[in-house]
Amino acid sequence: MTQTLEPTTNPIGISEVGAARALSVIGSSGKDNAGVRLFIKSGGCSGYQYGMAIDDRELDGDTILFDRGVKLIVDRMSLPLVQGAEIDYVENMMGGGFTVNNPNATSACGCGSSFRTDGSAAQDGEGSSGCGSH
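Just so it is clear, the structure is predicted and the values come from calculations on it, not from any experiment.

1. Some thoughts on the nonpolar core
Grouped together as the largest cluster of nonpolar side chains are 20 residues, with contacts concentrated most on Ile 12, Leu 38, Val 70, Leu 72 and Val 82. Of all elements in the fold, only helix H1 (16-27), strand E3 (35-43), strand E6 (70-74) and helix H2 (79-82) reach the threshold of two or more residues within this core. Discounting chain neighbours no more than four positions away, the residues touching Val 70 are Ile 14, Ala 19, Ala 22, Leu 23, Ile 26, Val 36 and Leu 65.

And the structure:
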């Protein structure tokens, strides 16, 4: 069963710049009813790693959110780790890309792609891949 939330109760959001870029990418994806899926997986130098994809599927346990005209999809395992987060799009001298501003992250890798939520260092062998290997 999926859960759809109204904008006033969204556990995650997307910035104005992020929404504009996401709508552009979704529009060119060729997928009807697509949205941005935000998910967390184990790995990266800090323990957890962010992932995003354009997805037109709604899986059992997904939470479906709408913010600034963008459909956001989060699975039930990832939702507690990104509660209160905002997806943004940032451009700098190295290029541009989506980023997640996550209040639950107690530490993050220098590249911003991985994070921890408990403030402790990664254990030996856990998240031992470097920033460039995700």
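Still more to cover.
2. A word on the pattern of salt bridges
This model, assessed by the stated rule, comprises six salt bridges. Residues Lys 71 and Glu 58 are paired through a salt bridge, measuring 2.6 Å at the closest nitrogen-oxygen approach. One end of the pair, Lys 71, is in strand E6; the other, Glu 58, is in the loop between strand E4 (47-55) and strand E5 (63-67), and 13 residues separate them in sequence. Linking Arg 76 and Asp 60 is a salt bridge whose minimum nitrogen-to-oxygen distance equals 3.8 Å. Here Arg 76 is found in the loop between E6 and H2, whereas its partner Asp 60 is found in the loop between E4 and E5, with 16 residues between them in sequence. A single burial state applies to Arg 76 and to Asp 60, both of which are exposed. Through salt bridges with shared partners, one network takes in Arg 37, Asp 55, Arg 57 and Asp 62.

3. Focus on the sheet that holds strand E2 (residues 13-14)
For sheets, the rule is that strands pair by backbone hydrogen bonds, running either parallel or antiparallel. The three strands are arranged E2-E7-E8 in an open sheet whose pairing can be described as mixed. Lying at the two open borders of the sheet, with one neighbouring strand each, are E2 and strand E8 (95-101). Note that strand E7 (residues 86-92) and E8 share seven bridges and pair antiparallel. Its bridge partner lying in E8, Glu 91 is registered against Gly 96. This element, H1, spans E2, E7 and E8 of the sheet and lies at about 85° to E7.

Definitions and limits used
- Residues numbered from 1 in each chain as written.
- Predicted model: local features only at pLDDT ≥ 70, side-chain atom pairs only at ≥ 80, totals over all residues.
- Heavy atoms only, no water.
- Core = buried A, V, L, I, M, F, W, Y, C linked by side-chain atoms within 4.5 Å.
- Buried < 20%, exposed > 50% of the residue type's maximum accessible area, 1.4 Å probe, protein only.
- Helix = DSSP H or I, 4+ residues; strand = E, 2+ residues; numbered from the N terminus.
- Contact = heavy atoms within 4.5 Å.
- Salt bridge = Lys/Arg side-chain N within 4 Å of Asp/Glu carboxyl O.
- Pairing = 2+ DSSP bridges.
- Axes fitted to C-alpha atoms, helices over the stretch in contact; angles between N-to-C directions.

Read these as layout, nothing more, since geometry by itself doesn't imply function.
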